[in-house]
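A structural walkthrough
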Amino acid sequence: HLIAGIDHGRRPNLLSFYVSRVRRLVPVATLVLVFTVLVGWWVLPRSQWRDLGTDVAASAAYVVNWVLAGRAVDYLGADTLASPVQHYWSLAVEEQFYLVWPLLIIGCTVLGRRLQMRATRIVLGALVLIVIGSLWWPIAMTEQDPSRAYFVTTTRVWELGIGGLVAVLLPQVRARLRRAAVPLSLVGLAMVLLSALVITSSTPWPGSWALLPVLGTTLVLVGGIANGDNAIARALGVAPLRAMGAMSYSLYLWHWPLIIFATVLWTTPAEPELGGGTKFGIATVSILLAWLTGKLVETPIRFGDLSWWRGWRALRNAAIAIWVPALMASGVWVGGRNLGALPTGTAPSLGSIDPSSSPSVAPSLGPVKGRHLGALALVADAGALGMPEMRDDLVTALRVTPPVAPMPVMAGGDLPPGYGTGCQRPRGETSVVGPLLSLIHI
C-alpha cells in the first residue's frame, strides 16, 4: 500500500491507507473490548476493576503494551491475575508502527526526489539500517529487564522491519527466486516447527531466540511469493487452513478473555488448572465467536459497500469506536476506586482477639465478644501452641468469614514512604536521587 508508485513521484495515499487499516482492525477490536469490560465487571473481583478499566482504556487507545510494560516491573503486581486484554499488546505495537511507517516512506520519497534516486532504494537502505540497528536492543534489554522487553515497542522494530524488507523486495523475489521457492519454504517451515519444540516459557524473550521463528516465517513468505504454486504453498493453502487464516484475527482477539474469565469462574486453589473438557469448550466457543464476528462484523465492514465506512467517515467511526470502550472502562475504574467504608467493628485487628480464651471458637467460626474472628477463622486450632495449621474446610471458612478491613484491594496503594520520595529505583538505575542526597548532607 505505502510504496506503490513512489518511484514515479507519487506520495502514499494516507487516507486510503488508514481507512483500510481502520476497516480491518477497529470494529472487531472494539466489539471484543466492549464484551471484555462488561463480562469482566461481572466476573472479576472488585480488586481487579481498576486494572481492568486501565487496560481496556489503554487497549482502545492502542498503548496497552506500555501499560503492561510498566506493570511488569512492579513486584507488587507480579502475582496478579493476567489481564483479559493482555493480548492487545501486539495490536498496540502494530498500530503504533502504522503511524511511523508512512512518515518513513514519505521522507524517503522526498529524499529520492532531491537526490534523483529511486525512492524504493532509499526505503530499502533505511529498512536495512533500522533492522540492523535495532536488532541488538531486544537482545540487550531481554538480558537486563525481560519483563519490560516483552511488551515495549522498541524491541519489535526489527521484526516489522524484516516484513518491510520483504514488501520492498517483492519484484526481485519473484524474478530471481522461483527455483529456490521449495527449499526456502522447507527451511522456513522447519524453523517455525522447531521453534515450537525448543522455545519454552523459560526462554528469554524476545532475545536472540526470536530470530528463529521470525526468519522462518520470512522464508515461508518469500517461498510463496517466489512461486505460489510450489508444494509447500499448496499444502499450506488447503481449505481448512485458509478458513482458519480468514478468521485468525477475530480468533486471536476472542480466545484470551474467554480463558481468563473461565479461569476465574472454574478454578480453585485445590484445582488451579482448567480441565481438558473446559479447554476444548473454550476453543470451540472461540472459533464460533470468530466465525460469527467475521460473518456479521468484519467481512461486511471490510469488504462491503457501506458508505458510512468510507473515507473520512471511517476515521470518524474509528474515533467513536475508541471512545465507547474507553468510557465504559472509566466507569469500571471508578467503581474499583470508590470502595466505600466497612461498618465499624466488622473486622477487628487480630490483636483485639484473645483466642486462648476459647480454643474451640475458631473451628466454630463464631463471634468472640460480639466481634468476628476474621483471618483466625482459617486456623484449625487458634489456641494451640506452636505453628498454627490451616483448617481442612477452607472453602466453608471463606464463605462465612466477613470482609477484611481494610479491603485487600487497597494493598496496591499501601506503599512505604520510599515510593513517594523517589528513592525507589528501577533495575539497572544506579544514580543517587535528590532525597537521598539531602539525607546524606543532613
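Scroll up to find the structure.
Presented here is an overview of the structure given in this document. (Residues numbered from 1 in each chain as written. Predicted model: local features only at pLDDT ≥ 70, side-chain atom pairs only at ≥ 80, totals over all residues. Heavy atoms only, no water.)

Comments concerning the overall build of the protein chain
What counts, and what does not: Per the convention used, a helix needs a DSSP run of H or I reaching at least four residues, while a strand needs a run of E reaching at least two, with both numbered from the N terminus. When accessible area is computed with a 1.4 Å probe and restricted to protein chains, residues below 20% of their type maximum are described as buried, those above 50% as exposed, and intermediate ones as partly exposed. What makes two residues a contact is simply this: any of their non-hydrogen atoms within 4.5 Å.
Secondary structure assignment for the protein chain yields 19 helices and 0 strands. Residue burial in the protein chain is summarised as follows: out of 442 residues, 36% are buried. Excluding contacts between residues fewer than 6 apart, the proportion of contacts in the protein chain whose partners are at least 24 apart in sequence is 73%.

As for unusual backbone geometry
Here the amide bond leading from Trp205 into Pro206 is cis, since omega sits at 0 degrees, within 30 degrees of zero. Within the fold, Pro206 resides in the loop between α9 (181-198) and α10 (211-226). Positive phi is not limited to glycine here, since Gln116 has a value of about 55 degrees. Here Gln116 lies in the loop between α4 (88-115) and α5 (119-144). With a relative accessible area of 74%, Gln116 lands in the exposed category.

Let's talk about the side chain of Ser195
Topologically, Ser195 is positioned in helix α9. Residues within four places of Ser195 in sequence aside, it is in contact with Leu212 and Pro213.

Some words on the layout of surface pockets
Applicable threshold: A 1.4 Å probe that fits into a set of points on a 1 Å grid over the protein atoms alone but cannot get out defines a cavity; an open set with protein on both sides within 12 Å along at least five of seven lines defines a pocket, and lining residues are those with an atom within 4 Å of a point. Grid points are joined across faces, edges and corners, and a volume is the space filled by probe spheres set on the points. Residues were grouped as follows: Ala, Val, Leu, Ile, Met, Phe, Trp, Tyr, Cys and Pro as nonpolar; Asp, Glu, Lys and Arg as charged; and all remaining residues, including Gly, as polar.
In this structure, the largest pocket occupies an estimated 1500 Å³ of space. Lining the largest pocket are 37 residues, and of these Tyr98, Glu159, Leu160, Gly163 and Gly164 lie nearest its centre. Residue contributions to the lining of the largest pocket peak at 10 residues, all from α4. Each residue belonging to the lining of the largest pocket can be placed in one class, and the counts come to 27 nonpolar, 6 polar and 4 charged.

Points about helix α2 (residues 49-60)
The test is simple: Residue count minus one, scaled by 1.5 Å, sets the expected span of a helix.
Here α2 spans 16 Å end to end across 12 residues, near enough to the 16 Å set by a 1.5 Å rise per residue. Three or more residues of α2 are buried, namely Trp49, Leu52, Gly53, Asp55, Val56, Ala58, Ser59 and Ala60. The secondary structure elements touched by the buried residues of α2 are α1 (14-43), α3 (64-72), α4 and α15 (311-337). A positive backbone phi angle near 60 degrees is found at Tyr62, which sits one or two residues after α2.

Side note on empty space enclosed by the protein
Rolled over the atoms, a probe with the dimensions of a water molecule shows which regions are left empty. With the rule as written, the count across this model stands at 2 cavities of 30 Å³ or more. By volume, the second largest cavity is sized at about 30 Å³. Forming the walls of the second largest cavity are Val26, Ala29, Thr30, Leu33, Ala60, Tyr62, Ala321 and Ile322. Secondary-structure elements contributing two or more residues to the lining of the second largest cavity are α1 and α15. Among the elements that line the lining of the second largest cavity, the one with the most residues is α1, at 4 residues. Classifying every residue of the lining of the second largest cavity gives 7 nonpolar, 1 polar and no charged.

Describing the side chain of Asn317
By the secondary structure assignment, Asn317 is in helix α15. Looking at Asn317, the relative accessible area reads 11%, which means it is buried. Ignoring any residue separated from it by four or fewer positions in sequence, one finds Asn317 in contact with Trp308 and Trp309.

Concerning the nonpolar core
Note the cut-off: Think of a nonpolar core as a cluster: buried Ala, Val, Leu, Ile, Met, Phe, Trp, Tyr and Cys residues, connected wherever their side-chain atoms sit within 4.5 Å.
Ranked by size, the top nonpolar core spans 64 residues in total, and within it Ala29, Val56, Tyr88, Leu91, Val123, Tyr249 and Leu253 carry the most contacts. Ranked by the residues each element gives to this core, the list is headed by α1, at 12 residues. Leaving out residues up to four positions away in the same chain, Val123 has contacts with Ile6, Ile105, Cys108 and Val168.

A word on helix α7 (residues 157-168)
Taking 1.5 Å as the rise per residue, α7 with 12 residues should run 16 Å; its terminal C-alpha atoms sit 16 Å apart, in good agreement. For α7, the complete set of buried residues consists of Val157, Trp158, Gly161, Ile162, Gly164, Leu165, Val166 and Val168. Taken together, the buried residues of α7 touch α4, α5, α8 (170-176) and α10.

Comments concerning the packing of aromatic side chains
Selection rule: Ring pairs are drawn from Phe, Tyr and Trp, using the six-membered ring of Trp, whenever the two centres fall within 6.5 Å, and their geometry is named by plane angle: stacked under 30 degrees, edge-to-face over 60, tilted for the rest. Charge over a ring is defined by NZ of Lys or CZ of Arg lying within 6 Å of the ring centre and within 35 degrees of the ring normal.
On inspection of all chains with the given rule, the structure shows 10 aromatic pairs. Directly above the ring of Tyr150 sits Arg156, whose terminal nitrogen or CZ lies 5.2 Å from the centroid.

Quick notes on the packing of α4 against α5
Stated precisely, the cut-off is as follows: Helix axes use the C-alpha atoms of the stretch in contact, all axes being lines fitted to C-alpha atoms, and the angles between their N-to-C directions lie in the range 0 to 180 degrees. What sets the label is the angle itself: under 35 degrees gives roughly parallel, over 145 gives roughly antiparallel, 65 to 115 gives roughly perpendicular, and the rest give oblique. By the definition used in this description, the sense in which the near helix is turned from the far one sets the handedness, with an anticlockwise turn below a right angle giving left-handed and a clockwise turn giving right-handed.
Interaxial distance between α4 and α5 falls to 8 Å at its minimum, and their mutual angle equals 130 degrees. With respect to their mutual orientation, α4 and α5 come out oblique. Crossing of α4 over α5 shows right-handed handedness. Listed contacts from α5 to Trp101, Leu104, Ile105, Cys108, Thr109, Leu111 and Gly112 of α4 are Ala119, Ile122, Val123, Ala126, Leu127 and Ile130. Tallied by class, the residues present in the contact of α4 with α5 amount to 11 nonpolar, 2 polar and no charged.

Looking at the packing of α1 against helix α13 (residues 248-266)
At a closest axis distance of 10 Å, the pairing of α1 and α13 adopts a crossing angle of 5 degrees. What the angle tells us is that α1 and α13 run roughly parallel. When α1 is examined against α13, the residues Arg24, Leu25, Val28, Ala29, Leu31, Val32, Phe35, Thr36, Val39, Gly40 and Val43 are found in contact with a partner set consisting of Tyr249, Ser250, Leu253, Trp254, Pro257, Leu258, Phe261, Val264 and Leu265. Looking at the contact of α1 with α13 residue by residue, the class counts come to 16 nonpolar, 3 polar and 1 charged.

Overview of a nonpolar patch on the surface
We count it as follows: Surface patches are defined over residues having more than 30% relative accessible area and no salt bridge, joining like charges when they lie within 9 Å and nonpolar side chains (Val, Leu, Ile, Met, Phe, Trp, Tyr) when within 5 Å. Each accessible area is a Shrake-Rupley estimate made with a 1.4 Å probe; only the visible protein chains count as cover when residues are assessed. Any carboxyl oxygen of Asp or Glu that lies within 4 Å of a side-chain nitrogen of Lys or Arg is treated as forming a salt bridge with it.
A contiguous nonpolar patch, built from Leu194, Leu197, Val198 and Trp209 and spanning about 390 Å² of accessible area, is present on the exposed surface. Positionally, Leu194 belongs in helix α9.

Description of the environment of Leu135
Tracing the backbone shows Leu135 in helix α5. The class for Leu135 is partly exposed, based on a relative accessible area of 25%. Along the backbone, Leu135 and Gly161 are 26 residues apart, and their C-alpha atoms lie at a distance of 10.0 Å. In contact with Leu135, other than residues within four places in its own chain, are Trp158 and Leu211.

Fair warning: the whole summary comes from geometry, so function is off the table for now.
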